[in-house]
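This is what each chain is made of:
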Amino acid sequence: DFEPSALSLHGTVITSTVLHVAPDDFTMQTPYAMAIVETPEKARLMVQVVDCDAAAVKPGMAVDLEFRRIRMEGRGGILCYGHKAVPAA
């Protein structure tokens with residue numbers, strides 16, 4: 001049995017990597033950081049870390065989660081949204 005649970009919009013980077021060769025939809029964003037972020041509720045999310053130097057993203061870094069555009073898909077320009085992490089204020 002599962003129940004919905006609201007997650008905090010804050011977290012901590014557990015591990016990260018910098019992508020220099022990305023999938024086609026993200027080529028223009030390279031280099032960029034991807035990280036596993038753990039919320040206070042112990043949920044772990046894989047998210048892109050933005051608004052900072054990709055090389056500065058390290059384990060233990062405090063981040064906030066923001067709902068943003070992830071990419072535009074196909075010729076129809078379908079917008080895909082999800083969470084990205086930004087350095088905590």
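This write-up is about the structure you can find in this document.

## As for the overall build of the chain
Next up, step 1: Of the regular secondary structure elements, the chain holds zero helices and five strands.
Next up, step 2: Taken along the three principal axes of its C-alpha coordinates, the chain extends 40 × 35 × 25 Å.
Next up, step 3: Every one of the 89 residues in the chain was classed for burial, and the buried ones make up 28%.
Next up, step 4: If you sum the accessible surface of the chain, you get close to 6100 Å²; carbon and sulfur atoms cover 57% of it.
Next up, step 5: In the chain, which carries 8 positive and 11 negative side-chain charges, the distance between the mean positions of the two groups comes to 6 Å.

## Quick notes on the pattern of salt bridges
Next up, step 1: The final tally for this structure, using the stated rule, is four salt bridges.
Next up, step 2: A salt bridge links E66 to R68; the nearest nitrogen and oxygen atoms lie 2.8 Å apart.
Next up, step 3: According to the relative accessible area criterion, E66 is partly exposed, its value standing at 31%.
Next up, step 4: A relative accessible area of 24% places R68 in the partly exposed class.
Next up, step 5: Each of E38, K42 and R44 takes part in one network of salt bridges that share partners.

## A few points about the side chain of E38
Next up, step 1: Along the chain, E38 turns up in strand β2 (residues 32–38).
Next up, step 2: Accessibility expressed as a relative area gives 16% for E38, which makes it buried.
Next up, step 3: In contact with E38, not counting residues within four places along its chain, are H10, G11, T12, I14, A43 and R44.

## Let's talk about the environment of L79
Next up, step 1: Considering the arrangement of structural elements, one finds L79 in strand β5 (residues 78–87).
Next up, step 2: Overall, L79 belongs to the partly exposed group, its relative accessible area being 39%.
Next up, step 3: When the C-alpha atoms of L79 and R69 are compared, they prove to be 6.8 Å apart, with 10 residues separating the residues in sequence.

## Overview of the packing of aromatic side chains
Next up, step 1: All chains considered together, the criterion is met by one aromatic pair.
Next up, step 2: Judged by centre distance (6.0 Å) and plane angle (20 degrees), the rings of F67 and Y81 are stacked. Of this pair, F67 sits in strand β4 (residues 62–73) while Y81 sits in strand β5, and the two are 14 residues apart along the sequence.
Next up, step 3: Residue classification places F67 among the exposed residues on the basis of a relative accessible area of 58%.
Next up, step 4: For Y81, a relative accessible area of 47% gives the class partly exposed.

What counts, and where the lines are drawn
Residues numbered from 1 in each chain as written. Predicted model: local features only at pLDDT ≥ 70, side-chain atom pairs only at ≥ 80, totals over all residues. Heavy atoms only, no water. Helix = DSSP H or I, 4+ residues; strand = E, 2+ residues; numbered from the N terminus. Buried < 20%, exposed > 50% of the residue type's maximum accessible area, 1.4 Å probe, protein only. Areas by Shrake-Rupley, 256 points an atom, 1.4 Å probe, with all protein chains shown as cover. Lys, Arg positive; Asp, Glu negative; His and termini not counted. Charge placed at Lys NZ, Arg CZ, Asp CG, Glu CD. Salt bridge = Lys/Arg side-chain N within 4 Å of Asp/Glu carboxyl O. Contact = heavy atoms within 4.5 Å. Phe/Tyr/Trp six-rings, centres within 6.5 Å; stacked < 30°, edge-to-face > 60°.

All quantities given are derived from atomic positions and should not be read as evidence of function.
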